[in-house]
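# Tertiary structure, described
Spelled out from the first residue to the last, the chains are:
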Amino acid sequence: MSKWVQRCLVFVFVVSLSFSSAASAWELEMEGWVNWYSVRFSQVGHNGFFGPYDVDRGVGTTTANLNFWEGEGILDKDLASSADAGWSALWVKFWPTLKINEAIRVQAQYRIGMYGDPTGDNDYWTQGALGAETAISEGKWTLFWVTAQTPWGVLGIGKRRWIFGTGLQYDGSDTASTESITFIAPYGPLKVGFGFYPWRFAGSSPQPSTPPQPPTPGVIGTPIPPGYQDPYDLGGFQHFNRSDFAGAFSRDFLGFVTYSSGEFQVGALGVYGDFHIGPEALLRPTDFSAQSTAIFHGSSFVKYNNGRFFFNAEAAWLYYADRFRGARVLLFGTDAQDVEQWRFMTEFGVFAGPAKMSVLYAWQPGPDRRNGALIGKQPAAFPWHPTYDRFLSNFSVFRPYSYMFSYVFGSGLAAYNLTVDGYVRDASTLGARLDFAAAANLNLFFTGFWAERTSHGYPWGFIGPNDVAFNGFPVNGNIGPRNLDGVAGSPNIPDRSLGYEFDTGFEWQLLEGWSLTGTFCYWQPGKWFTYACIDRSVPSWNIQTPANLFGTRPGKTIDPVIGGEVSMAFRF
């Protein structure tokens, strides 16, 4: 054997050792989930939310073919021409964990397919992209974070889920996330944590306080009045240097403590941040309202489970104070708007052999509307800050008890979180659920759910389909923006009943890592919807006046909605 060959073999051996050494130092773990699902919804009869099917007696309106309200955000459009609507789709998630050493881990989430992407560039429904080389979706890294174990606690950086308490406000299992620098220190049964953002862009926090004005017929675009503005992006032009601290959070902290001891867990969390957005940082002259904002939110919870009995409770708050100067003050006649929101829930239940019985009661606040207009101090966040409300939503609390009202219809108030899953706004709710293990791999469940509004702060006829002759927006098969101020002179809705719902279904573990689930439901909408939804059988319904009850028919019949979902999931 020549010396050259010997040297090559030695080189290959050394390189192999180096790669094997590197491989042994890093460990990669991977979990994944492939989910295929199919949904179908129907209305039992032709008495819809907006009156009898195929009837439109408005002046110049063209919505007679838009009949069944099938929910918002779940399917392609909000309204179907028949009494039936359906959908089938696929999505995939991967959760890689890279173990650098015993102290440092890198974790992430990678998602493919339809999963609430607000840009819509990766939605995928069955046969939406024919062809073996046609992409069904863009892959998305939705989470990416690093944790480091130190002798004093765990340091975390990056974007990760924000899970705390029962999920009443920090529902990280579905939508809430945080990117703060956090440090969590354990002291026996105690965990104390704190976090902060050294810099955070404030432009995603301010939200418009009035609905957009409808477009002028024949004119492209939607005029925006002063006060309804993203102060960082007006008309597609960036007006601020985003790195300028004149538009960033100046104080941005969180702290929490939890105590866990066997059957019992309790905790509390608080978050505070404030910022000022002023005209001093403008890149060019524009009509602008200076804004100063302070945000304080948090929650406290308790959990108990001894294997036979369990109890969960949580109280969550959000204080959001805005102070304005400039154009908005002139337009609205006020220099302030405030949110003081409190939400509550309690859940308890028992285990008895193969059965589990659980009961849920929850209370969510609604808007305060007086003399035909929202007042400046609101007990609920969504009238002033709907996107912030979507971030602090509660999908996982209500989904086990209510499929149609909470998840599909977003409680009738377009309550869809950042993952486009429905949740509950403004409702006092009572739910009961019975789970029964019919076999080791088969669970059957039955639920009952009842809800009513906690607030009377809604005008008559404020929910209706888009139509230029009604709200100025072209007919597109969707529900129009909800103007909570309503038409001048419109009274508050007197009836608070949202109806009742019954669900049943199964969770069947076919093989290890392969499950089949089904949910089937019946929802009877309550009388609140007969006031909130316009009725197209009312003559001149789109010209809302006291004479035609603002385009509504209070007390009308709304036929029940039935439907459900079947999904097949593979976990690995």
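The structure reproduced in this document is the subject of the present report.

Parameters and conventions
- Residues numbered from 1 in each chain as written.
- Predicted model: local features only at pLDDT ≥ 70, side-chain atom pairs only at ≥ 80, totals over all residues.
- Heavy atoms only, no water.
- Patch = residues over 30% accessible without salt bridge, like charges linked within 9 Å, V, L, I, M, F, W, Y side chains within 5 Å.
- Areas by Shrake-Rupley, 256 points an atom, 1.4 Å probe, with all protein chains shown as cover.
- Salt bridge = Lys/Arg side-chain N within 4 Å of Asp/Glu carboxyl O.
- Helix = DSSP H or I, 4+ residues; strand = E, 2+ residues; numbered from the N terminus.
- Buried < 20%, exposed > 50% of the residue type's maximum accessible area, 1.4 Å probe, protein only.
- Core = buried A, V, L, I, M, F, W, Y, C linked by side-chain atoms within 4.5 Å.
- Contact = heavy atoms within 4.5 Å.
- Phe/Tyr/Trp six-rings, centres within 6.5 Å; stacked < 30°, edge-to-face > 60°.

### Describing a nonpolar patch on the surface
A contiguous nonpolar patch, built from V44, W342, F344, Y361, W363, L430, W450, Y500, F502, Y522 and I562 and spanning about 980 Å² of accessible area, is present on the exposed surface. Of all the secondary-structure elements, those providing two or more residues to the nonpolar patch are β21 (336-352), β22 (355-364) and β28 (497-511). Position of Y500 relative to the elements: it lies in strand β28.

### Topic: the pattern of salt bridges
Opposite charge on two side chains permits them to pair, given that their charged atoms come into close proximity. Applying the stated rule across the entire model yields 14 salt bridges. One salt bridge connects R433 with E507, and the closest N-O pair in it is separated by 3.6 Å. Here R433 is found in strand β26 (residues 427-439), whereas its partner E507 is found in strand β28, with 74 residues between them in sequence. Across the pair D535 and R553 runs a salt bridge, and its minimum N-O distance is 3.6 Å. Residue D535 is found in the loop between α6 (528-532) and β30 (561-571), and its partner R553 is found in the loop between α6 and β30; the two are separated by 18 residues along the sequence. Using a relative accessible area of 36% as the deciding quantity, one classes R553 as partly exposed. Ionic contacts of the salt-bridge type, sharing partners, join the residues R433, D435 and E507 into one network.

### A look at the nonpolar core
Within the largest apolar cluster, 86 residues are counted, with the highest numbers of intra-cluster contacts made by F49, W69 and W528. If sequence neighbours within four positions are ignored, W69 has contacts with F49, F50, D78, L79, F409, G412, I463, I479, R482, F529 and C533.

### Topic: the packing of aromatic side chains
Under the counting rule described, the total for this entry stands at 41 aromatic pairs. Each ring, one from W514 and one from F570, has its centre 5.7 Å from the other, and the planes form 15 degrees; the classification is stacked. Of the two residues, W514 sits in strand β29 (residues 514-525) while F570 sits in strand β30, which places them 56 residues apart along the sequence. Owing to a relative accessible area of 34%, F570 belongs among the partly exposed residues under this scheme.

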